[in-house]
Amino acid sequence: MTEHGLTASRVSFGYHKSHKLTPAKTDLVVDDVTAVIPRGGIVGILGPNGSGKTTLLRLLAGLQRPWNGDVRLDGVPLRSLGRNAVARRVAVVPQETQLAFDYTVLEIATMGRYPHLDTFEVEGPSDLVIAQEALRATGTLALESRPFNTLSGGEKQRVVIASALAQLSGRTETSSPPTDVLLLDEPTASLDLAYQLEIRSILLELNRSRGLTIAVSTHDLNLAAGLCRDLILLHRGRVLATGPVQSILNASLIRQLYDVDVDITINPRTRNLTVVPVARMNPPNAL
């Protein structure tokens with residue numbers, strides 16, 4: 001297993017604490033999962049509802065500690081790193097962002113600086129510069145004075161990505177820079193087609209220009225085909241298959257994963273795989 005990147009080695013996790021020492025298989029949301037997010041890679045995590053995708057992202061981010069196995073960043077176990085040390089290198093973009101107060105866009109971006117600040121320390125001029133650069137990278141700098149809650153869904157998502165970029169910025173560069181990881185949970189859910197394309201373009205550019213390591217949990221197979229280089233297929237908390245997009249995104253595995261028959265072709269314009277659902281294999285009985 002590569003030492004450069006974010007890796008999970010045979011991790012298991014569930015939410016019934018009473019069974020933590022000897023969990024039953026039915027208690028496990030993530031069950032003996034090994035996953036590799038190589039440095040500089042873009043990996044898609046696919047699976048039906050309840051397959052453990054969000055939980056796996058939380059384990060990779062150090063937000064949950066696995067019952068068994070471990071998660072490592074560049075070969076170092078997350079459990080040996082402090083919470084802020086992990087947060088300076090691994091940022092999460094949730095599916096939804098709910099705010100208690102009406103913050104401005106710049107304030108949201110600046111919140112990403114929290115792991116770089118000491119207790120009771122407030123953001124300084126350099127933190128504001130980093131936040132503004134992150135907004136510029138996501139095309140939202142012109143919105144910096146707008147209240148976050150007045151934005152469209154696509155604009156909000158770009159601002160939250162900017163906050164994550166600000167979180168990952170600010171270390172002194174070395175000859176062998178450590179891995180910076182962006183984990184996104186359903187980043188295009190509820191977005192229209194134009195914003196879906198925009199988010200994909202932003203992520204590709206961040207990966208290209210900044211070397212950002214990216215993992216995306218998604219139900220959108222065509223987004224995964226156009227964005228990711230590798231895929232992890234999760235089914236009932238276990239890895240069904242993992243590998244390059246071109247070999248993993250096939251009709252047989254998709255049928256096993258979703259119980260859906262699909263047609264898969266190569267788009268003549270984009271040269272990406274295109275997935276068209278055809279029929280559910282075992283439809284539920286009609287009421």
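Everything discussed here concerns the structure shown above.
Residues numbered from 1 in each chain as written. Predicted model: local features only at pLDDT ≥ 70, side-chain atom pairs only at ≥ 80, totals over all residues. Heavy atoms only, no water.

Chemist: With reference to specific residues and values, describe the overall build of the protein.
Modeler: For the protein, the count of helices and strands is nine helices and twelve strands. In summary, the protein has a C-alpha radius of gyration of 19 Å against a globular reference of 19 Å for 287 residues, a match within 12%. When the backbone C-alpha atoms are referred to their principal axes, the protein occupies close to 60 × 50 × 45 Å. Each of the 287 residues in the protein was classed as buried or not, and the buried ones make up 45%. Long-range contacts, defined here as pairs at least 24 residues apart, represent 66% of the contacts in the protein between residues at least 6 apart. (Helix = DSSP H or I, 4+ residues; strand = E, 2+ residues; numbered from the N terminus. Rg over C-alpha atoms; globule rule 2.2 N^0.38 Å. Buried < 20%, exposed > 50% of the residue type's maximum accessible area, 1.4 Å probe, protein only. Contact = heavy atoms within 4.5 Å.)

Chemist: An account of the pattern of salt bridges is needed here, citing residue identities and associated values.
Modeler: Going through the model one piece at a time under the given rule, you end up with ten salt bridges. With its nearest N and O atoms 2.9 Å apart, the salt bridge here joins Arg 72 to Asp 70. Taking the relative accessible area as the measure of exposure, Arg 72 reaches 30% and is therefore partly exposed. Note on Asp 70: relative accessible area 11%, which makes it buried. (Salt bridge = Lys/Arg side-chain N within 4 Å of Asp/Glu carboxyl O.)

Chemist: I'd love a proper account of the nonpolar core, names of residues and values included.
Modeler: The biggest cluster of nonpolar side chains holds 53 residues, and the ones touching the most others in it are Leu 182, Leu 203, Leu 231 and Leu 249. Considering each element in turn, this core owes the most residues, eight residues, to helix α5 (residues 153-168). Each residue touching Leu 182, except ones within four places of it in the same chain, is listed here: Ala 91, Val 93, Ile 161, Ala 164, Leu 203, Leu 212, Thr 213, Ile 214 and Ala 215. Ranked by size, the runner-up nonpolar core spans 27 residues in total, among them Leu 56, Leu 59, Leu 73 and Val 90. (Core = buried A, V, L, I, M, F, W, Y, C linked by side-chain atoms within 4.5 Å.)

Chemist: Let's hear about the layout of surface pockets: which residues, and what values?
Modeler: One water molecule sets the probe size; rolling that probe over the atoms shows where empty space is left. By volume, the largest pocket is sized at about 460 Å³. Together, 24 residues line the largest pocket, and Ala 61, Gly 62, Leu 63, Arg 83 and Val 86 are the ones closest to its centre. Going through the elements one at a time, β4 (68-73), α2 (83-87) and β6 (90-93) are the ones with two or more residues in the lining of the largest pocket. In terms of residue count, the dominant contributor to the lining of the largest pocket is α2 (four residues). Per-class residue counts for the lining of the largest pocket are 14 nonpolar, six polar and four charged. (1 Å grid on protein atoms, 1.4 Å probe; cavity = no way out; pocket = protein on both sides within 12 Å on 5 of 7 lines; lining within 4 Å. Points joined across faces, edges and corners; volume = space filled by probe spheres on them. Nonpolar A, V, L, I, M, F, W, Y, C, P; charged D, E, K, R; others polar.)

Chemist: Account for the sheet that holds strand β8 (residues 213-218), naming residues and giving values.
Modeler: As summarised here, the arrangement of the six strands in space is β6-β7-β8-β3-β9-β10, forming an open sheet in which the pairing is mixed. Strands at the two margins of the open sheet, each flanked by one partner only, are β6 and β10 (238-244). This sheet shows a mean twist of 15 degrees between the axes of neighbouring strands, independent of strand direction. Here strand β3 (residues 42-46) pairs with strand β9 (residues 230-235) via four bridges, running parallel. Each residue of the ladder has a partner; that of Leu 46, found in β9, is Leu 233. In the packing of helix α1 (residues 53-60) onto the sheet, the strands contacted are β3, β6, β7 (181-185), β8 and β9, and the crossing angle to β7 comes to about 155 degrees. (Pairing = 2+ DSSP bridges. Axes fitted to C-alpha atoms, helices over the stretch in contact; angles between N-to-C directions.)

Chemist: Please set out the pairing of β10 residue by residue, giving values where relevant.
Modeler: Of the strand pairs in this sheet, β9 and β10 are connected by six bridges, and their pairing is antiparallel. Residue Asp 230 lies in a different strand from β10, and its bridge partner there is Pro 244.

Chemist: Can you tell me about the sheet that holds β4, naming the residues and giving the values?
Modeler: Spatially, four strands are ordered β2-β1-β4-β5 in an open sheet, and the strand pairing comes out antiparallel. Of all strands in the sheet, those with a lone pairing partner are β2 (28-38) and β5 (76-77), marking the two edges. Here two bridges tie β4 to β5, and the two strands are oriented antiparallel to one another. Bridged to Leu 73 within β5 is Val 76. Across the sheet, α1 is in contact with β1 (5-14), β2 and β4; its angle to β2 comes to roughly 60 degrees.

Chemist: For the packing of aromatic side chains, give the residues involved together with the corresponding values.
Modeler: Tallied over the entire structure, the rule returns three aromatic pairs. With centroids separated by 4.9 Å and ring planes inclined at 90 degrees, the aromatic side chains of Phe 13 and Tyr 15 adopt a geometry described as edge-to-face. You can call Phe 13 buried: its relative accessible area is 6%. For Tyr 15, a relative accessible area of 44% corresponds to the partly exposed category. Taken together, the ring pairs in this structure connect Phe 13, Tyr 15 and Trp 67 into an aromatic cluster. (Phe/Tyr/Trp six-rings, centres within 6.5 Å; stacked < 30°, edge-to-face > 60°.)

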